[in-house]
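Okay, here's what each chain looks like letter by letter:
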Amino acid sequence: MSPILPKPDRYYYLIRKETMENKEPVAEDQEPLQSEPSPVGASEDSVVPMQSSEAAATVAVPASEPAASASAPAPAKAKKKMSAKTKKRIHNFVVSPVMILISAFIRSVCVHSFMLSFKFAPGGITGIGTMIELGTGFSTGYTNIIINAPLIVLAFIFLSKSYAIKSTAAIGLSSAGMVLMKEFGFPQYSPADPNAQPVLAAIACGVLSGIGIAIMIKSGGSNGGTDIIAAFIQRKYVATNITWFIMGLDGIVIFVSFFVLGQGLTPVLMSLAELFCSALMGDVILTGFKSALKYEIITDDPESLSRELIEKLGHSVTKMDAVGMYAHSKQALLICVIRKRQLAEFNRILKKYPNTFAYVSTTSEVVGRGFSRAE
């Protein structure tokens, strides 16, 4: 039975708490207890009669307290929602712009300080712009904007608007950086320096490019060019591996640069080295820090081996029943995921169990307890 709420002009009301488990039946010859007098100023319909001292209790409570307690969880939920909303705003309006700015600056430095000074053209639209600037003097920044403009429009229509906006910002900032660095004479790693080496220029350019690409991917955008074309292909054919397609386009640009630049194989080899270092560094940043090793072990002593792995490596082990089909013998299959730095210790432990068969595979990313948290 729900309590009868008071009228708006009442400051107090009565709440009856019924305890059905402890409620005792009333004997036929026993008269029910009379209700206690109502507080001064309270009407009869605002008081609930009491049936027993144990089954009911009359408590005078301010009218505002029940409403506050009933709605107490609401502020907590609202606070969590506001916290998530604030976090999203900070990411969209602070973190992402800073990441795009850093990526654009790195891209500008790579083109101005390394590619143009050593006259090599890696793949993509940047390579095309570099060849045009080395041949005609027309800035790579302007070429970058002109070629990417229609791709950005198509990306805005057919792809994500957020992706198109971030890519536009990255292309615009990097192009502006290339033009300004050329105008104000930003330092270059020039072959005029007797200590400068082409291979070092290619490696440095590739490492910086990989960092810039990884930052841009993490922010949810791209540097334009073949990345946008690859996004179109991936959207149309989801299962297609676009890596070979991008490498094919880059290879065509590098092949053409051999004839346009006319400086032999050195610029071509520098372009290949730059592409390799860029892809390797980008992969390390995006997945390398979260990668791990997964061991699958077949053993006849799972308890001892599992206990030692857990105690010394700090990672749990999953046990599954297995049957060897050659001898039809029952074995235990243990699965354990460890860090790469724990590989030597893991192998030392396995050497103590001669009847153990194990194989290892690399995982690109591990999310969960003991590794990285899911976002």
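In what follows, the structure referred to is the one given above.
Note that residues are indexed from 1 along each chain, following the sequence as it is written. Restriction of local features to residues with pLDDT of at least 70 applies here, the model being predicted, together with a cutoff of 80 or more for giving and counting side-chain atom pairs; totals for whole chains, interfaces and linings are based on all residues. Neither water nor hydrogens contribute to the side-chain values; these are computed over all heavy atoms in the structure.

Asks: What should I look at first to understand the environment of Pro267 in this one?
Replies: Considering the arrangement of structural elements, one finds Pro267 in helix α9 (residues 266-286). Only protein chains enter the calculation, and the probe is 1.4 Å; a residue is then buried if its accessible area is under 20% of its type maximum, exposed if over 50%, and partly exposed in between. Residue classification places Pro267 among the buried residues on the basis of a relative accessible area of 4%. Those residues within four positions of Pro267 in sequence are excluded, and the remaining contacts are Lys119, Phe120 and Leu261. By definition, any uninterrupted DSSP run of H or I lasting at least four residues is a helix, any uninterrupted run of E lasting at least two residues is a strand, and each is numbered from the N terminus. Any two residues whose heavy atoms approach within 4.5 Å at even a single point are treated as in contact.

Asks: I tried to follow helix α6 (residues 198-219) on my own but got confused; where do I start?
Replies: Counting along an α-helix, one turn takes 3.6 residues, and residues three or four places apart therefore face a common direction. Helix length check: α6 (22 residues) gives 32 Å between terminal C-alpha atoms against 32 Å at 1.5 Å per residue, within 8%. If you check which residues of α6 are buried, you get Ala201, Ala202, Cys205, Gly206, Ser209, Gly210, Gly212, Ala214, Ile215, Met216 and Ser219. Helix span, expected: 1.5 Å multiplied by one less than the number of residues in the helix.

Asks: I would appreciate a short explanation of the packing of aromatic side chains in the present structure.
Replies: The geometry of an aromatic ring pair is captured by the separation of the ring centres together with the interplanar angle, meaning the angle of the planes. Geometry of aromatic contacts follows a simple scheme: Phe, Tyr and Trp rings, the Trp one being its six-membered ring, pair when their centres are within 6.5 Å, and the pair is stacked under 30 degrees between planes, edge-to-face over 60, tilted otherwise. Across all of its chains, the model carries 8 aromatic pairs by this definition. For the pair Tyr295 and Phe346, a centre-to-centre distance of 3.9 Å together with 15° between the ring planes defines the contact as stacked. Of this pair, Tyr295 sits in strand β3 (residues 292-299) while Phe346 sits in helix α11 (residues 343-350), and the two are 51 residues apart along the sequence. Pair check on accessibility: Tyr295 and Phe346 agree, each one buried. Their ring planes at 55° and their centres at 6.3 Å tell us that Phe357 and Tyr359 sit as a pair that is tilted. For Tyr359, a relative accessible area of 41% gives the class partly exposed.

Asks: Would you explain the nonpolar core in this entry?
Replies: If you look at soluble globular proteins, the nonpolar side chains tend to sit buried side by side. Counting 18 residues, the largest nonpolar core has Met115, Phe118, Phe120, Cys205 and Met270 as the members making the most contacts within it. Broken down by secondary-structure element, the contributors of at least two residues to this core are α2 (73-118), α5 (161-184) and α6. The biggest single contributor to this core is α2, with 9 residues. In this description, a nonpolar core means a group of buried Ala, Val, Leu, Ile, Met, Phe, Trp, Tyr and Cys residues linked to one another through side-chain atoms lying within 4.5 Å. With 14 residues, the next largest nonpolar core counts Leu293, Leu313, Leu334 and Tyr353 among its residues.

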